[in-house]
Amino acid sequence: MNPHEQHLRNDLDGLQLVNKFGWLRPHELGPLLWPNSQHARHQADRLVRCWRKRRLILERPLPGRAGRAVVLSAAGVRFLTAHDVQAVTGKDFGETHGNVWSPPLTWRHDLIAVGVLVNLYLQGFDIFPEAQIKRSSGQLKKLPDGIARRGEQVISIEVEHARKTGPSMRNLALALCSAAQGTTPPIFGMRITHAMVAFVSTQIDERGYTLSHRERVTKAIAESAKSAVPITWASCSMRSAGVRTVQYTDDLIEADRAAAVLHRLELCGWRPEAGALLSNYKGRVAAVWEDEEADAWGWQIDDLPAERVSTISEAKRRCAEVLATP
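Being a predicted model, the structure only gives us computed values, none of them experimental. (Residues numbered from 1 in each chain as written. Predicted model: local features only at pLDDT ≥ 70, side-chain atom pairs only at ≥ 80, totals over all residues. Heavy atoms only, no water.)

Asks: Mind showing me how you'd approach unusual backbone geometry here?
Replies: Backbone geometry follows two general trends: most residues other than glycine have a negative phi, and most peptide bonds adopt the trans configuration. At Lys282, a residue that is not glycine, the phi angle is positive and equals roughly 50°. Take Lys282: it is sitting in the loop between β12 (276-281) and β13 (284-291). Its identity as a non-glycine residue notwithstanding, Asp302 has a phi of 50°, on the positive side. Relative to the helices and strands, Asp302 resides in the loop between β14 (296-301) and β15 (307-309). The class for Asp302 is partly exposed, based on a relative accessible area of 31%. (Helix = DSSP H or I, 4+ residues; strand = E, 2+ residues; numbered from the N terminus. Buried < 20%, exposed > 50% of the residue type's maximum accessible area, 1.4 Å probe, protein only.)

Asks: Would you mind showing me how to read the sheet that holds β15 here?
Replies: One open sheet holds the five strands; their spatial order is β11-β12-β13-β14-β15, and the pairing between them is antiparallel. The open sheet has two edge strands with one neighbour each: β11 (271-273) and β15. Between one strand and the next, the sheet's axes are offset by a mean angle of 35°, whatever the strand orientation. Of the strand pairs in this sheet, β12 and β13 are connected by five bridges, and their pairing is antiparallel. Opposite Ser279, over in β13, you have Ala286 as the bridge partner. Contacting β12 and β13, helix α9 (residues 257-268) crosses the sheet at an angle of about 115° to β12. Helix α10 (residues 312-324) rests against β12, β13, β14 and β15 of the sheet, and its axis sits at about 20° to β14. (Pairing = 2+ DSSP bridges. Axes fitted to C-alpha atoms, helices over the stretch in contact; angles between N-to-C directions. Contact = heavy atoms within 4.5 Å.)

Asks: Where do I start with the pairing of strand β7 (residues 153-159) in this structure?
Replies: Looking along a regular strand, one sees the side chains alternate between the two faces of the sheet. Buried residues dominate β7, accounting for six of its seven residues. Both strand β6 (residues 146-150) and β7 contribute to a ladder of five bridges, which runs antiparallel. Paired with Arg150 across the two strands is Gln153, which belongs to β7. Following β6, the chain reverses through two residues before pairing antiparallel with β7; Gly151 in that reversal takes a positive phi of roughly 65°.

Asks: Sorry if this is basic, but what is going on with helix α3 (residues 40-53) here?
Replies: Each α-helix turn comprises 3.6 residues. Residues three or four places apart therefore point the same way. With 14 residues, α3 extends 20 Å between its outermost C-alpha atoms, agreeing within 8% with the 20 Å of an ideal straight helix rising 1.5 Å per residue. If you follow the buried residues of α3, they end up packed against α1 (3-21), α2 (26-33), β1 (57-61) and β2 (68-72). At the exit of α3 stands Arg55, carrying a positive phi of roughly 60°. (Expected span 1.5 Å × (residues − 1).)

Asks: How should the pattern of salt bridges be read in this particular structure?
Replies: Opposite charge on two side chains lets them pair, provided their charged atoms get close. Per the stated rule, a full pass over the model turns up 20 salt bridges. Among the charged side chains, a network of salt bridges with common partners joins Arg41, Asp45, Arg52, Glu59 and Arg68. (Salt bridge = Lys/Arg side-chain N within 4 Å of Asp/Glu carboxyl O.)

Asks: Can you help me understand the sheet that holds β6 in this one?
Replies: Strands belonging to one sheet form pairs held by backbone hydrogen bonds; the direction of such a pair is parallel or antiparallel. Across the sheet, which stays open at both edges, the six strands sit in the order β5-β6-β7-β8-β9-β10 with mixed pairing between neighbours. Edge positions in the open sheet fall to β5 (126-129) and β10 (242-253), since each of these has one partner strand only. Strand-to-strand twist in this sheet, taken as the mean axis angle between neighbours without regard to direction, amounts to 25°. Examined bridge by bridge, β5 and β6 share four bridges and lie antiparallel to one another. Across the sheet, Asp126 pairs through a bridge with Arg149, a residue of β6. Strands in contact with helix α6 (residues 130-137) are β5 and β6; relative to β5, the strand with the most contacts, it is inclined by about 70°.

Asks: Any chance you could explain the environment of Gly76 here in plain terms?
Replies: Looking at the secondary structure, you find Gly76 in helix α4 (residues 74-82). For Gly76, a relative accessible area of 0% corresponds to the buried category. For Gly76 and Trp101, which are 25 residues apart along the polypeptide, the C-alpha to C-alpha distance reads 21 Å. Residues in contact with Gly76, not counting those within four places in the same chain, are Arg55 and Leu56.

Asks: Just to check I follow, could you spell out the side chain of Glu28 for this structure?
Replies: Inspection of the secondary structure puts Glu28 in helix α2. Taking the relative accessible area as the measure of exposure, Glu28 reaches 5% and is therefore buried. A distance of 2.8 Å separates polar atoms of two side chains, one belonging to Glu28 and the other to Arg25. Leave out the neighbours within four places in its chain, and Glu28 touches Leu111, Val114, Val118 and Gly242. (Polar contact = N/O pair within 3.5 Å; in protein donor to acceptor, adjacent residues only side chain to side chain.)

Asks: When you look at a negative patch on the surface in this model, what are you seeing that I'm missing?
Replies: Judged by side-chain charge, Glu290, Glu292, Glu293 and Asp295 come together as a negatively charged surface patch. Structurally, Asp295 is set in the loop between β13 and β14. (Patch = residues over 30% accessible without salt bridge, like charges linked within 9 Å, V, L, I, M, F, W, Y side chains within 5 Å. Areas by Shrake-Rupley, 256 points an atom, 1.4 Å probe, with all protein chains shown as cover. Lys, Arg positive; Asp, Glu negative; His and termini not counted. Charge placed at Lys NZ, Arg CZ, Asp CG, Glu CD.)

Asks: Explain the layout of surface pockets to me, please; I cannot follow it from the model alone.
Replies: It is the rolling of a water-molecule-sized probe over the atoms that shows where space remains empty. Here the largest pocket defines a volume of roughly 660 Å³. Phe21, Trp23, Asp110, Ala131 and Lys134 are the residues nearest the centre of the largest pocket, which is lined by 30 residues in total. At the level of secondary structure, the elements contributing two or more residues to the lining of the largest pocket comprise α1, β2, α5 (107-121) and α6. Residues that form the lining of the largest pocket fall into these classes: 15 nonpolar, seven polar and eight charged. (1 Å grid on protein atoms, 1.4 Å probe; cavity = no way out; pocket = protein on both sides within 12 Å on 5 of 7 lines; lining within 4 Å. Points joined across faces, edges and corners; volume = space filled by probe spheres on them. Nonpolar A, V, L, I, M, F, W, Y, C, P; charged D, E, K, R; others polar.)

Here's what the structure looks like:
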């Protein structure tokens, strides 16, 4: 391949990657183009400078000295289209108010997903980022943050970066359970076989507390699962807002049967009767009531001895624990 052909190949491969991911930094573009080079980042910087001169791309500065995001310009789209590659411009990446540009709120989350995908690519996986998945599978209720495939193994990747609570955490847990158990609808004709959760190993929340993503997601999965769920954890260390290293750990999360029973009791509803709240589960009756004299809550299953705890939530949980016991 002569130099002209090599330059054209680099342009096509590189711009297609930018289009595939929606946006990339030279930090991640380099290893994707030159996985065996120690100077991949510098090679990507040179290629991006060449694109900039030819106006094939737009560049956007990321906050906190995190580098610059590269997206396709209209000229870049025309270049790829001329070579029979469908592409979309990245001119709407982020938001501009007056002369001030701001990145999308998900940019840090996106960098973690890209970093893990690049790490898996270097291990021989084919990778599919969220932007690519969204263009062809946007009808899915919950899109993964990425997919990696090697042989028969197809991994659905979810990034846990924000401090999810309530329905958001439950939806994440349900998506992971579905992926791990092979019930996620096929994507690009691929059947998902594994679930992976990527997270930053040391992250502080808005209150100044250390976030324990692994513990929180484990609890949510246990509460949502009907059977044991195999999960791979991808613990990421960061540099310049990008992923520096990834440590993978396989885990098996047992289902919290009591949580599942409690969920059924809540769905059934608690009806007032004779000063108590009653609910049913598989022909059995759970009862909770307030004992004002003892400043406590009583609970009972069928005709078993009644017991007391501090709160109504704890009383309902105790009922579920008894009902969940085989």
